[in-house]
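Spelled out from the first residue to the last, the chains are:
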Amino acid sequence: GKQVWETQWEGSMSVPFFASSNGSWIRATPALDGDRLYVSGMKDLIVCLDAGTGEILWKRDFVAETGSPLPQFGFASSTLVHGEHIYVQAGASFAKLEKLTGKIVWQTLKDEGGMNGSAFSSPVFATIAGVPQFVVQTRSNLAGVSPEDGAVLWSHATNAFRGMNILTPTVIGDTIFTSSYGGRSTLLRLSREDSSWKVTEAWTHKSQGYMSSPVVIDGHIYLHLRNQRLVCLDATTGVE
């Protein structure tokens, strides 16, 4: 339990409204890849550290470098490491960066940032209908994104109170489950014919997820709700 190292950098901020009761500290989960640790700072800053020493290897300041507005609720998206790149919802966008240098390769799904933009969710990688892609939830939409060039393959509106789509979307085969604060729980079914995608709602349920991402076990979805209860939904039918 002895402390091995400690690293600091500038970038603290206070979040507004009701979110302040949960604190103004870092919200994103760090990502470890070999000897490198990727940490998201509150002011839309991503820092790459040597995991053994805590030495800062590189920093990427999205606000300063891309001109995007500061996310008023802080940098909330956890970094996803995939191959030779990292992917994160930052800079009022979904971005791909070289993991060794932090160089931005592309940005897509751009929004207005600030108070009403800048995502709360985190991306996941999956193969859906035979196509490898990132599943990304913004403040207003759920989308599939091509790893190579950031092209948006498909998109579906996901309504929530003040855009509070917070949990990470959950891929179940060729379906995706999501739930939002002030909205509903929904299972989307995806199919593809040639280059065209079809997105349909397989079912919806009145339950409202909040911050906790669901767990899927034996065809059942277990979800912690906005009202501080736990619900179990049949992944095929949506029946509680």
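Residues numbered from 1 in each chain as written. Predicted model: local features only at pLDDT ≥ 70, side-chain atom pairs only at ≥ 80, totals over all residues. Heavy atoms only, no water.

1. Let's talk about the sheet that holds strand 14 (residues 175-179)
Backbone-to-backbone hydrogen bonds pair the strands of a sheet. The strands run either parallel or antiparallel. Strand order in the open sheet formed by four strands is 13-14-15-16, with antiparallel pairing between adjacent strands. Edge positions in the sheet fall to strand 13 (170-172) and strand 16 (196-205), since each has one partner strand and no second. With direction set aside, neighbouring strand axes in the sheet form an average angle of 25°. Note: strand 15 (residues 185-193) against strand 16, nine bridges, orientation antiparallel. Bridge pairing links L187 to W203 in strand 16. (Pairing = 2+ DSSP bridges. Helix = DSSP H or I, 4+ residues; strand = E, 2+ residues; numbered from the N terminus. Axes fitted to C-alpha atoms, helices over the stretch in contact; angles between N-to-C directions.)

2. A word on the sheet that holds strand 6 (residues 85-90)
Pairing is antiparallel across the open sheet formed by four strands, whose spatial order is 5-6-7-8. Bordering the open sheet on either side are strand 5 (80-82) and strand 8 (104-108), each of which pairs with just one other strand. Each adjacent strand pair in this sheet contributes to an overall mean axis angle of 20°, direction not counted. By the bridge criterion, six bridges tie strand 6 to strand 7 (residues 93-98) in an arrangement that is antiparallel. Within the sheet, the bridge partner assigned to Q89 lies in strand 7 and is F94.

3. Focus on empty space enclosed by the protein
To find leftover empty space, one rolls a probe the size of a water molecule over the atoms. Scanning all chains against the criterion turns up one cavity of 30 Å³ or more. Along the wall of the largest cavity there are 19 residues; nearest its centre are Q89, A90, S93, S118 and A119. Sorting the residues of the lining of the largest cavity by element identifies strand 6 and strand 7 as the ones contributing at least two each. (1 Å grid on protein atoms, 1.4 Å probe; cavity = no way out; pocket = protein on both sides within 12 Å on 5 of 7 lines; lining within 4 Å. Points joined across faces, edges and corners; volume = space filled by probe spheres on them.)

4. Observations concerning the packing of aromatic side chains
Pairs of aromatic rings are described using the distance from one ring centre to the other and the angle between the two planes. In total, this model carries eleven aromatic pairs according to the counting rule given. Arranged with centres 4.9 Å apart and planes meeting at 45°, the rings of Y181 and Y210 form a pair that is tilted. Note that Y181 is positioned in the loop between strand 14 and strand 15 and Y210 in the loop between strand 16 and strand 17 (215-217), a separation of 29 residues in sequence. Judged by relative accessible area, Y181 falls into the buried class, the value being 15%. Ring pairs connect the aromatic residues Y87, F94, W106, F125 and F134, which therefore count as one cluster. Sitting over the face of the ring of Y181, R226 holds its NZ or CZ atom 4.0 Å from the ring centroid. (Phe/Tyr/Trp six-rings, centres within 6.5 Å; stacked < 30°, edge-to-face > 60°. Buried < 20%, exposed > 50% of the residue type's maximum accessible area, 1.4 Å probe, protein only. Lys NZ or Arg CZ within 6 Å of the ring centre and 35° of its normal.)

5. Overview of a nonpolar patch on the surface
On the surface, a cluster of nonpolar side chains totalling about 380 Å² of accessible area is made up of V215, I217, Y222 and L230. Along the polypeptide, I217 turns up in strand 17. With relative accessibility at 44%, the residue I217 sits in the partly exposed group. (Patch = residues over 30% accessible without salt bridge, like charges linked within 9 Å, V, L, I, M, F, W, Y side chains within 5 Å. Areas by Shrake-Rupley, 256 points an atom, 1.4 Å probe, with all protein chains shown as cover. Salt bridge = Lys/Arg side-chain N within 4 Å of Asp/Glu carboxyl O.)

6. A look at unusual backbone geometry
We note that A129 has phi near 50°; this positive angle belongs to a residue other than glycine. Along the chain, the position of A129 falls in the loop between strand 9 (124-128) and strand 10 (131-137). Taking relative accessible area as the criterion, A129 reaches 26% and is therefore assigned partly exposed. One non-glycine residue, D218, lies in the positive phi region at around 50°. Turning to its location among the elements, D218 is positioned in the loop between strand 17 and strand 18 (220-224). Judged by relative accessible area, which is 73%, D218 ranks as exposed.

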